[in-house]
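Working through the structure, step by step
Chain by chain, the residues run as shown.
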Amino acid sequence: MVKKPKVASWYDPIIKSHGTPRPLAKNCLAAFCFGGALCAVAQFFQLLISQIAGVSDKDAAAIVMIIVIALAALLTGLGVFDKIAQQVGAGLAVPITGFANSIASSTLEFKSEGYVLGSGCNGFKLAGAVIFFGIGSAVVVALIALILGLV
Amino acid sequence: MSGTIVQQGQSWIFSVPATLIAASAIGGPKEGKGPLGADFDYLFSDNRDGQASFEQMEQRMLQIACEMAIAKAGCVADDIDFFLCGDLLNQITSSGFTARSLARPYFGLFAACATAVEGLILSSLMVASGAAKKTMCAAGSHTCTAERQFRYPNEYGCQKPPQSQYTTTAAGAAIIGNEEGVIKITAATIGRVVDLGITDSFNMGGAMAPAFADTITAHLQQRGVSADYYDLILSGDLGRVGRDIALDLLYRRGIELDERRYIDCGCLIYGDDKAVFAGGSGCGCVASVSFGHIYRRLMAGELNRVLIAATGALLSPTSSQQKQSIPGISHAVALERI
């Protein structure tokens, strides 16, 4: 890992005095509202499915997740997802929609390099990090739990 | 160097200047809808237009730009002594493939978004020095190829900050020769690479503005003219944020640019379109604005003296991921009606 270089001390104040900073408050609010609403709607359908179809809560959750993933992938393919994500940011990135979009967009992107060496090799280009650290941290937590005799 | 070219530091002043014989600009659908839409010679209605990949589309745009420039100059490809071309893709394949079709002696160039002007300067030098009778330079970029190479997949939902720029889908080509003509390439300044330690690859304007200020200062000093000498000074792809920084930097050096006579190609090409954030970028931006809009205004006599200072960010995805700072470069060329 290379150490990040510093901006020249005389130039730093100049660059900071120009341009508009990221609208953090607006972005956070949009993410909170959209992400919250998305989860609330998903929760509603989960309850609805478990009530109407009579499946267990766990199965209803899986069904809803599949639907949300499919919708996110579909919107990615239609070229709409990135436009909504620009507005709501983490509101779409944090729920499972972000993970679905990262795989769908990479798979689509590398179609021009072929199904195997293109989409196949690169589909998890962005999502790979999530899986890598997700599995890695799960192993660490499981080991700690094992050592402490919690399991 | 022959007596027709005077070297002043990092600048060349051409006393027997080469002529910009013809120029062409090609754009994509978004560029066509912008305020310069009417200044393009050809506009594609689709970013892929039936091609198998975006990369092939980029090459096709370059090819059409070259073919149109040749047709406008009233010559054939075989009349071109040397062809200079560049783009943003790895190993500048769009340019190499275009040169393959043209089958003319070829120099591949890379100066990121400053490539078109680098090509124009070298083409003019060849002609003015007598090393060539007729040369062609071209550059092009495509938003979908640049985005996937430098950033993320096109459909990835990444929230971009306000200072980010949008790569232009466009190409431009120009033919330079030793014959008579309206527009002459009278002077050029070769930029030094300037790096003030910016690592944020979304802030290209901030990374390149110091190089622009450096080149403008050198050009005005070495040519011995003030900024007022030019009807228009054009920076290539600093965007709105970089343009403000450039004005500030030059002001601190005692050079006050008249805001009405200093425009940035990146701000010009999309107007006030908020979807492009701080403006356009990419080799195709300065190429299509210079060889389309500016060329037409010079030909029509609306402008007499224009200084185009294109700016390029010499980073790669690897250097960026390894947290290297972004070196900037700016090459300037003076176009004048004589």
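Residues numbered from 1 in each chain as written. Chains lettered and ligands numbered in written order. Predicted model: local features only at pLDDT ≥ 70, side-chain atom pairs only at ≥ 80, totals over all residues.

The next point concerns the overall build of chain A. What chain A contains, in helices and strands, is 8 helices and 0 strands. When the helices and strands of chain A are listed from N to C terminus, the series reads α-α-α-α-α-α-α-α. The C-alpha atoms of chain A give 21 Å as radius of gyration, which overshoots the globular expectation for 151 residues (15 Å, by more than 25%). Taken along the three principal axes of its C-alpha coordinates, chain A extends 65 × 45 × 40 Å. For chain A, buried positions account for 21% of its 151 residues. The long-range share in chain A, meaning contacts at least 24 apart out of those at least 6 apart in sequence, stands at 53%. (Helix = DSSP H or I, 4+ residues; strand = E, 2+ residues; numbered from the N terminus. Rg over C-alpha atoms; globule rule 2.2 N^0.38 Å. Buried ≥ 20, exposed ≤ 12 C-beta atoms within 10 Å, placed from the backbone. Contact = placed C-beta atoms within 7 Å.)

A count of helices and strands for chain B gives 10 helices and 14 strands. In terms of C-alpha radius of gyration, chain B reaches 18 Å, essentially the compact-globule figure of 20 Å for 338 residues. Its C-alpha atoms put chain B at 55 × 50 × 35 Å along the principal axes. Expressed as a percentage of the 338 residues in chain B, the buried residues total 61%. Counted over contacts in chain B with a minimum sequence separation of 6, partners at least 24 positions apart contribute 79%.

Reports of interface size often rely on the accessible area that becomes lost once the parts have come together. In this complex, chain A contributes 32 residues to the contact, which on the side of chain B involves 27 residues. Elements represented by at least two residues in the side of chain A that touches chain B include exactly α1 (12-17), α4 (81-88), α5 (90-93) and α6 (96-109) of chain A. Considering every element that reaches the side of chain A that touches chain B, the biggest residue donor is α6(A), with 7 residues. For the side of chain A that touches chain B, the residue count by class is 13 nonpolar, 14 polar and 5 charged. (Nonpolar A, V, L, I, M, F, W, Y, C, P; charged D, E, K, R; others polar.)

All names here are of chain A. Over its 21 residues, helix α8 (residues 127-147) runs 30 Å from end to end, which matches the ideal 30 Å to within 8%, given 1.5 Å per residue. Within α8, only 1 of the 21 residues are buried, which leaves it mostly out in the open. Following α8 by one or two positions, glycine 149 has its phi on the positive side, about 70°. (Expected span 1.5 Å × (residues − 1).)

All names here are of chain B. Annotation of chain B at the domain level lists domain 1 (5-161 + 168-176) and domain 2 (182-337). For domain 1 and domain 2, the distance between their C-alpha centres works out to 17 Å. In this assembly, 53 residues from domain 1 lie in contact with 50 residues from domain 2. Counting residues per element, the ones that place at least two in the side of domain 1 that touches domain 2 are β2 (11-27), β4 (82-87), α4 (115-128), β6 (134-141), α5 (143-150) and β8 (170-177). Of the residues forming the side of domain 1 that touches domain 2, the biggest block, 13 residues, is contributed by β2. Residue composition of the side of domain 1 that touches domain 2, grouped by class: 30 nonpolar, 17 polar and 6 charged. (Domains from an automatic or database assignment.)

Attention shifts here to helix α2 (residues 24-52) of chain A. Taking 1.5 Å of rise per residue, 29 residues should cover 42 Å, and α2(A) covers 41 Å from first to last C-alpha, within 8% of that figure. Where α2(A) ends, the next residue or the one after it, Gly54(A), has phi of about 70°, a positive value.

Ranked by size, the top nonpolar core spans 116 residues in total, and within it Ala69(B) and Ala174(B) carry the most contacts. Among the domains, domain 1 (5-161 + 168-176) and domain 2 (182-337) of chain B are the pair contributing at least three residues each to this core. The residues touching Ala174(B), leaving out its near neighbours within four places in the chain, are Leu20(B), Ala23(B), Ala69(B), Leu120(B), Met136(B), Cys137(B) and Phe291(B). If you look at the next biggest cluster of nonpolar residues, it comprises 13 residues, including Leu75(A), Ala85(A), Leu126(A) and Ala127(A). (Core = buried A, V, L, I, M, F, W, Y, C linked by C-beta atoms within 7 Å.)

Caution applies to low-pLDDT parts of the model: their predicted coordinates are not meant to be read in detail. With 99% of its residues at a pLDDT of 70 or more, chain B has an overall mean of 96. Two numbers describe this predicted complex: its pTM, 0.95, and its ipTM, 0.90. (pLDDT = per-residue confidence, 0-100.)

Okay, unusual backbone geometry next. Most peptide bonds adopt trans geometry, and most residues besides glycine take a negative phi value. Within the chain, Ile92(B) stands out as a residue other than glycine whose phi angle is a positive 35°. On the basis of neighbour counts, which here come to 20 C-beta atoms within 10 Å, the residue Ile92(B) falls in the buried class.

Turning our attention to the packing of helix α2 (residues 54-72) of chain B against helix α3 (residues 93-102) of chain B. All names here are of chain B. At a minimum axis distance of 9 Å, the contact between α2 and α3 shows a crossing angle of 50°. Viewed along their axes, α2 and α3 adopt a mutual orientation that is oblique. Handedness of the α2/α3 crossing: right-handed. Together, Glu55, Glu58, Gln59, Leu62, Gln63 and Cys66 of α2 and Ser94, Ser95, Phe97, Thr98, Ser101 and Leu102 of α3 make up the contact between the two elements. When grouped by side-chain class, the residues that make up the contact of α2 with α3 number 4 nonpolar, 6 polar and 2 charged. (Axes fitted to C-alpha atoms, helices over the stretch in contact; angles between N-to-C directions. Parallel < 35°, antiparallel > 145°, perpendicular 65-115°, else oblique. Left-handed = near helix turned anticlockwise from the far one by under 90°.)

Residues and elements named next belong to chain B. Structurally, the position occupied by serine 101 is in helix α3. Look at serine 101 and you get partly exposed, because 13 C-beta atoms sit within 10 Å. Serine 101 sits 62 residues away from aspartate 39 along the chain, and the two C-alpha atoms are 26 Å apart.

The next subject is the packing of helix α6 (residues 204-223) of chain B against helix α7 (residues 239-252) of chain B. Residue and element names in this part refer to chain B. Running from N to C, α6 and α7 point in directions that differ by 40°, and their axes come no closer than 8 Å. Seen from above, α6 lies across α7 with right-handed handedness. Across from Met204, Gly205, Gly206, Met208, Ala209, Pro210, Phe212, Ala213 and Ile216 in α6, the residues of α7 making contact are Gly239, Val241, Gly242, Ile245, Ala246, Leu249 and Leu250. When grouped by side-chain class, the residues that make up the contact of α6 with α7 number 12 nonpolar, 4 polar and no charged.

Residues and elements named next belong to chain B. For strand β9 (residues 183-189), a buried count of 7 out of 7 residues is recorded, marking the element as mostly surrounded by other parts of the structure. As paired strands, β2 and β9 are joined by 6 bridges and run antiparallel to one another. Counted as the bridge partner of alanine 18 is isoleucine 185 from β9. Here β9 pairs with strand β14 (residues 328-337) via 6 bridges, running antiparallel. Paired with alanine 188 across the bridge in β14 is valine 333. (Pairing = 2+ DSSP bridges.)

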